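Here's the letter readout for the chains.
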Amino acid sequence: MGQEVRYRVRGGHALNGTAFIQGAKNAVLPMIGAALLASKGRTVLRNVPVIEDVRRALELAEYVGAKVEFHEAERTIVIDATQLSDPSRAVLPAAIASRFRGSVLFVPALMHRMGRARIEGVGGCNLGSRNLDFHYRGFARLGAEVTEDPERNHINVRAENLRGGRLYLDTPSHTGTENLIMAAVLTPGTTVIEHAALEPEVLDVIEFLGSMGAKISGGGTGLITVEGVPELTAVEHTVMSDRIDAGVFAMMTAATGGDVSLVGANLDHLGVARWKLEQMGVQFTQHGAVLRVRRDPSVPLRPINAVTSPFPGFATDLQSPLMALATLADGESYIHEAIYDGRFALADELTKMGAKIEVDGTRAIVHGPTVLRGTEVIAHDLRSGAAAILAGLVAEGETIVAPAYPVDRGHSQFATRLSALGADVVREEHN
Ligand SMILES: CC(=O)N[C@H]1[C@@H](OP(=O)(O)OP(=O)(O)OC[C@H]2O[C@@H](n3ccc(=O)[nH]c3=O)[C@H](O)[C@@H]2O)O[C@H](CO)[C@@H](O)[C@@H]1O
Ligand SMILES: C=C(OP(=O)(O)O)C(=O)O
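On a predicted model such as this, the values are computed, not experimentally measured, just so you know. (Residues numbered from 1 in each chain as written. Chains lettered and ligands numbered in written order. Predicted model: local features only at pLDDT ≥ 70, side-chain atom pairs only at ≥ 80, totals over all residues. Heavy atoms only, no water.)

Engineer: Hey, could you run me through the overall build of the chain in this one?
Structural biologist: Along its length, the chain carries 14 helices and 24 strands. On the principal axes, the C-alpha backbone points of the chain span a range of 65 × 45 × 45 Å. In the chain, of all internal contacts separated by at least 6 residues, the share reaching a separation of at least 24 is 74%. In the structure as shown, the chain presents an accessible area of about 16300 Å², 48% of it carried by carbon and sulfur atoms. (Helix = DSSP H or I, 4+ residues; strand = E, 2+ residues; numbered from the N terminus. Contact = heavy atoms within 4.5 Å. Areas by Shrake-Rupley, 256 points an atom, 1.4 Å probe, with all protein chains shown as cover.)

Written as structure tokens, this is what we have:
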């Protein structure tokens, strides 16, 4: 048996103090893909989260021919994509690409810089069906030839005579919007994208591409227009802060009845999650770029109803932590997961800890309040792992959350940041 890396949590400590919110995973990944579009200069990205998905993205960037440096202490990436022209490297190999969802965001750069892309696998959290048809259909409407190799389970994209076109998304896919924008920025002519995503990360990516020389208008309206330009130049950009990391820390603070200042967090980026947490009894005060989160431990948390939906709706990536928090609330909470058809794996893990949760398809009823008991639980995906750690913070005794990798994909130095707030959390190797 090899060694397993896991999180060990001893409950019973309220979180107090200052937490530094990391740069946004879901903004930096498309930006690494976008940096590969630049045929001149070196890109500098600052406020980069030190997470496994970023390491995988940089491995992939190197694989396709870019030179990359990750200065982790400085949270800065430098990317030189000037030499990206060898079509034999226009591949997203399964060994790297199937370890993170953001790998799909490399396709536009391979299309434009090498004229083709072979997708051998795309990963990400296992949350039920996660299709990519909007991406492929959009590339095809721009003139790319998209074919499937069913034997090997590969997708091949040939992009020789691209031209602007009218594109749409059936639902406002986050990476789908980013991918269609990135495909359009170097495509001659005008491209219009209807039903585009409104997530703050998408707007940050648009700002980044705009500073590289792309011509994009309508970000944040749902109707995006892109005028193709012949080339893009590398620039320096500071990645926005991670609203999901902020939401997780806010819910952990709420669970423990603490008082934490989240440096860099923006209340507006929480969307509906802000109002739901306030209804549960969480207090927020925005002081410039610092968000203070408090919950009076003498007042029980109130139960809540929440339906996940694209921004500014309740973020699906905060649904698992909400479920964990709802186990502590005084009454029945109702959660409808409307984005993914398989994002309730946490319910079984919380049940092991003593929670009472009824799951019916994509709907769950959480019967609170429960006194959670520490035990060994599985991190099925990134946010269910984070949510299990949240449960461990208030559980009696010790909670083991394993494996650590899904959590490490998206939360930087989690144990260190939680320990600085008074929690007893360690990330450890175990035989
Ligand atoms: C790297 C990244 O940014 N990941 C985020 C991104 O994932 P991602 O961009 O993959 O999520 P999407 O918004 O695309 O997916 C939402 C839903 O649309 C469906 N769909 C999507 C594309 C498509 O071509 N066809 C299709 O049917 C998916 O199966 C899913 O049910 O947004 C999600 C929803 O906010 C978040 O949970 C992820 O953290
Ligand atoms: C689902 C998530 O990520 P990904 O799309 O990268 O799997 C997430 O961040 O919770």
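There's more to say after this.
Engineer: I keep staring at the site of ligand 2 and nothing clicks. Help me out?
Structural biologist: Close to ligand 2 lie Lys25, Asp53, Arg101, Gly124, Cys125, Leu127, Arg130, Asp317, Arg343, Leu382, Arg383 and Arg409, which account for all nearby residues. Aspartate 317 has a polar side-chain atom sitting 3.2 Å from an oxygen atom of ligand 2. Here an oxygen atom of ligand 2 and a side-chain polar atom of arginine 383 are 2.8 Å apart. In isolation ligand 2 offers 290 Å² of accessible surface; the protein chains occlude 95% of this area. Using a 2 Å cut-off from the grid points, one finds that ligand 2 occupies the largest pocket. Residues that form the shell around ligand 2 fall into these classes: 3 nonpolar, 1 polar and 8 charged. Split by domain, the residues of the shell around ligand 2 number at least three in each of domain 1 (4-22 + 241-430) and domain 2 (25-238). (Near = heavy atom within 4 Å. Polar contact = N/O pair within 3.5 Å; in protein donor to acceptor, adjacent residues only side chain to side chain. 1 Å grid on protein atoms, 1.4 Å probe; cavity = no way out; pocket = protein on both sides within 12 Å on 5 of 7 lines; lining within 4 Å. Sits in = over half its atoms within 2 Å of the grid points. Nonpolar A, V, L, I, M, F, W, Y, C, P; charged D, E, K, R; others polar. Domains from an automatic or database assignment.)

Engineer: Could you clarify how one ought to interpret helix α9 (residues 272-280) in this entry?
Structural biologist: Since there are 3.6 residues in each turn of an α-helix, residues three or four apart along the chain are aligned in direction. Within α9 the residues assigned to the buried category are Ala273, Arg274, Lys276, Leu277 and Met280. The buried residues of α9 occupy one face: seen down the axis, they fall within an arc of 170 degrees. In the core, the buried residues of α9 are packed alongside α8 (243-256), β16 (283-287), β18 (305-307) and α10 (319-326). Positive backbone phi, at 115 degrees, marks glycine 281, one or two positions downstream of α9. (Buried < 20%, exposed > 50% of the residue type's maximum accessible area, 1.4 Å probe, protein only. Arc of directions from axis to C-beta.)

Engineer: Please clarify how unusual backbone geometry should be interpreted in this entry.
Structural biologist: Leave glycine aside and you will find that most residues have negative phi; peptide bonds, for their part, are mostly trans. Between phenylalanine 311 and proline 312 the backbone carries a cis peptide bond, its omega angle lying at 10 degrees. By the element assignment, proline 312 lies in the loop between β18 and α10. Put simply, glycine 368 and proline 369 share a cis peptide bond, and its omega is 0 degrees. Positive phi outside glycine occurs at asparagine 47, with the angle close to 60 degrees. Mapped onto the fold, asparagine 47 is located in the loop between β3 (42-46) and α2 (52-63).

Engineer: Looking at this structure, I do not really get the layout of surface pockets. What am I missing?
Structural biologist: Over the atoms a probe the size of a water molecule is rolled, and this reveals where empty space is left. Within this model, the largest pocket holds a volume of roughly 920 Å³. Residue lining of the largest pocket: 40 residues in total, with Arg130, Ser173, His174, Ile339 and Tyr340 positioned closest to the centre. Every element with two or more residues in the lining of the largest pocket is listed here: α1 (25-35), α5 (133-141), α6 (174-185), α8 and α12 (382-394). Among the elements that take part in the lining of the largest pocket, α1 stands out by supplying 4 residues, more than any other. Looking at the lining of the second largest pocket, the elements that each hand over two or more residues are β2 (16-20) and α14 (414-419). (Points joined across faces, edges and corners; volume = space filled by probe spheres on them.)

Engineer: Got a minute to help me understand the pattern of salt bridges in this structure?
Structural biologist: Between side chains of opposite charge, a pair can form when the charged atoms approach closely. Here the structure, examined in full by the defined rule, presents 25 salt bridges. Of the charged contacts in the structure, one is a salt bridge between arginine 10 and aspartate 424, with a shortest N-O distance of 3.4 Å. Here the residue arginine 10 occupies a position in strand β1 (residues 4-10), and aspartate 424 occupies one in strand β24 (residues 424-430), the gap between them amounting to 414 residues. Residues joined by salt bridges that share partners form a network here, namely Arg6, Arg8, Arg10, Glu398, Asp424 and Glu428. (Salt bridge = Lys/Arg side-chain N within 4 Å of Asp/Glu carboxyl O.)

Engineer: I keep staring at the site of ligand 1 and nothing clicks. Help me out?
Structural biologist: Not every one of the 19 residues close to ligand 1 is listed here, only the nearest: Asp133, Phe134, Ser173, Thr175 and Asp317. Between ligand 1 and asparagine 26, the relevant distance is 3.0 Å, taken from an oxygen atom to a side-chain nitrogen or oxygen of the residue. A distance of 2.7 Å separates a nitrogen atom of ligand 1 from a polar side-chain atom of aspartate 133. Of all elements in the fold, only α1, α5 and α6 reach the threshold of two or more residues within the shell around ligand 1. The biggest single contributor to the shell around ligand 1 is α5, with 3 residues. Class assignment for the residues of the shell around ligand 1 results in 4 nonpolar, 9 polar and 6 charged. Counting the residues that make up the shell around ligand 1, at least three belong to each of domain 1 (4-22 + 241-430) and domain 2 (25-238).

Engineer: Help me understand the domain arrangement of the chain in this model?
Structural biologist: Quite often, the size of an interface is put as the accessible area lost when its parts meet. If you check the domain split of the chain, you get domain 1 (4-22 + 241-430) and domain 2 (25-238). Distance between the C-alpha centres of domain 1 and domain 2: 30 Å. Contacts between domain 1 and domain 2 engage 21 residues on the former and 24 residues on the latter. Buried surface at the junction of domain 1 and domain 2, both sides included, amounts to about 2000 Å², of which 50% is carbon and sulfur. When the area that domain 1 buries against domain 2 is broken down by residue, the three leading residues are Phe311, Tyr405 and Arg409, summing to 33%. In this structure, the connection of domain 1 to domain 2 is made through 2 salt bridges. The residue glutamate 201 makes a salt bridge to arginine 243 at a minimum N-O spacing of 2.7 Å. Along the contact surface separating domain 1 from domain 2 lie 9 residue pairs in polar contact (both at pLDDT 80 or more). Looking at the side of domain 1 that touches domain 2, the elements with two or more residues in it are α12 and α13 (405-408). A per-class count over the side of domain 1 that touches domain 2 returns 5 nonpolar, 7 polar and 9 charged. (Buried area = accessible area lost by both parts, 1.4 Å probe.)

Engineer: Please explain the sheet that holds strand β6 (residues 91-92) as it appears in this structure.
Structural biologist: Neighbouring strands of a sheet are bound in pairs by backbone hydrogen bonds; such pairs are parallel or else antiparallel. Pairing is mixed across the open sheet formed by 4 strands, whose spatial order is β6-β7-β9-β8. Lying at the two open borders of the sheet, with one neighbouring strand each, are β6 and β8 (145-149). Two elements, β6 and strand β7 (residues 116-119), share 2 bridges in a ladder whose sense is parallel. What sits directly across from valine 91, in β7, is arginine 118. (Pairing = 2+ DSSP bridges.)

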